[in-house]
Amino acid sequence: MSASRIKNVLSIAGSDPSGGAGIQADLKAIAAQGCYAMAAVTALTAQNTRGVTGVRLVEPDFVAAQIDAIFADIRVDAVKIGMLGSADIVAAVAAALARHRPPHVVLDPVMVAKGGDRLLADAAVAMLKDRLLPLATVLTPNLPEAAVLLERPEPETRDAMLATAKALRGLGPADASGAVLLKGGHLPATDSPDLLVTADGEHWLETERIATKNTHGTGCTLSSALAARLAATADVRAATEQAKCYVAGAIAAADSLAVGQGHGPTHHFHALWR
């Protein structure tokens, strides 16, 4: 790929000092897709593979200043949004993206921790639905996050996933062009299906469930890879299939890493490190 064709992808998310999730995972995943990775930081966390022990949110005005600085100087081909942390940060990010209108926005609604704890207050969830969802090209919730967005029970079957994904699409862009990638990793099943719902219909992405505890940051990794593939292809279905395949490979190779004593990271560079 020539330098003139390399795509620039911006992650707007929180930091994970252990490197498995957040902007650290985003930068790795974007780079692994052959794109130039950038980051605007929304929060600092104290965490490792065993859990989060502290969070410090960045001032909303400074989050916006980071985003504005990037767009003032650099062509942005796609944006991935992860942890935002507060209603004020959601509003600041939404206002900045409304000003700059990047061609592709992947919104990973980080609002429920692995242990089930809520990471966004009700006011912030309402702001995200009202201000950010209309700007998204693809929304990528897991099943607990989908339940929070729709204020309904978490889906437990494929039929329930389909109904949930269709309902979520109704919350998106007014022109109905947006897509929903509903991640089925929490489904009680031996496989791990994801469901993409677009204006063209429903597409199941099937993957074998891999037996490993090292899945820290898979949501961050998937949404970042998807943003990068969208920047490269501008084709939602193809980009989603490519991102899903990449993440499956990263999970399959995760046990080759030796990082931490808890839920370790996936192997972002599994196709590059030989």
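Look up a bit, the structure's there.
Just so you know, the residues in each chain are numbered from 1, in the order the chain's sequence is written. Reporting of local features is limited, given that this is a predicted model, to residues whose pLDDT is at least 70; pairs of side-chain atoms are given and counted only at 80 or more, and all residues count toward the totals for whole chains, interfaces and linings. Only hydrogens and water are set aside; all other atoms, that is, all heavy atoms of the structure, feed into the side-chain values.

Q: Looking at this structure, I do not really get the overall build of the chain. What am I missing?
A: Here a helix means four or more residues in a row that DSSP labels H or I, a strand means two or more in a row labelled E, and each is numbered from the N terminus. The secondary structure content of the chain amounts to 8 helices and 9 strands. As a reference, a globule follows 2.2 Å times the number of residues to the power 0.38, and the radius of gyration itself is taken over C-alpha atoms. Expected size for 274 residues packed as a compact globule is a radius of gyration near 19 Å; at 17 Å, the chain falls within 12% of this value. Dimensions of the chain along its principal axes, counting C-alpha atoms only, are 45 × 40 × 40 Å. Sequence-distant contacts, at least 24 apart, represent 67% of the contacts inside the chain between residues at least 6 apart. In short, Shrake-Rupley with a 1.4 Å probe defines the accessible areas, and a residue's cover is counted only from the protein chains shown. Taken as a whole, the chain presents about 12000 Å² of accessible surface, with 53% of it coming from carbon and sulfur. In this count, Lys and Arg are taken as positive residues and Asp and Glu as negative ones, while His and the chain termini are left out. Just so you know, the charge point we use is NZ for Lys, CZ for Arg, CG for Asp and CD for Glu. Looking at the chain, you have 24 positive and 27 negative side-chain charges, and the mean spots of the two groups are 4 Å apart. Residue contacts follow a heavy-atom distance rule, with two residues in contact if any of their heavy atoms lie within 4.5 Å.

Q: Whenever I open this one, the sheet that holds strand E5 (residues 105-107) confuses me. Can you help?
A: Strands belonging to one sheet form pairs held by backbone hydrogen bonds; the direction of such a pair is parallel or antiparallel. By definition, two strands form a pair when at least two bridges between them are found by DSSP. Sheet architecture is open: 9 strands sit in the order E3-E2-E1-E4-E5-E6-E7-E8-E9, paired in mixed fashion. Sheet topology places strand E3 (51-57) and strand E9 (201-205) at the edges, where each strand pairs with a single neighbour. Of the pairings in the sheet, the one linking strand E4 (residues 78-81) to E5 comprises 3 bridges and is parallel in character. From the neighbouring strand, Ile81 faces E5, where its bridge partner is Leu107. Orientation is described by lines fitted to C-alpha atoms, with helices fitted over the stretch in contact, and by angles between N-to-C directions that extend from 0 to 180 degrees. Against the sheet, helix H7 (residues 218-233) engages strand E1 (8-14), E4, E5, strand E6 (138-139), strand E7 (179-183) and strand E8 (194-198), with an angle of about 165° to E4. Taken strand by strand, helix H8 (residues 236-252) contacts E6, E7, E8 and E9, and its axis lies near 170° from that of E8.

Q: Help me understand the packing of aromatic side chains, please; the structure alone is not making it clear to me.
A: Any pair of aromatic rings gets described here by the distance separating the centres and the angle formed by the planes. For Phe, Tyr and Trp, rings pair up if their centres lie within 6.5 Å, where Trp contributes its six-membered ring, and each pair is then called stacked (planes under 30 degrees apart), edge-to-face (over 60) or tilted (otherwise). Scanning all chains against the criterion turns up 1 aromatic pair. Any Lys NZ or Arg CZ found within 6 Å of a ring centre and within 35 degrees of that ring's normal is scored as a charge over the ring. Residue placement shows Arg158 over the ring face of Trp204; its charged tip is 4.8 Å from the ring centre.

Q: How should I be thinking about the nonpolar core in this particular structure?
A: Soluble, globular proteins show a tendency: their nonpolar side chains are buried together. We call a set of buried residues a nonpolar core when its members are Ala, Val, Leu, Ile, Met, Phe, Trp, Tyr or Cys and they connect through side-chain atoms within 4.5 Å of each other. Relative accessibility thresholds used throughout: buried, under 20% of the residue-type maximum; exposed, over 50%; partly exposed, between the two (1.4 Å probe, protein chains only). In terms of nonpolar packing, the biggest core is built from 47 residues, with Leu10, Ile12, Val79, Ile81, Val93, Leu97 and Leu132 touching the most fellow members. Take this core: its biggest share by element is 6 residues, from helix H3 (residues 87-100). With residues up to four places along the chain from it excluded, the contact list for Val79 reads Leu10, Ile12, Phe71, Leu97, Pro102, His104, Val105, Val106 and Ala227.

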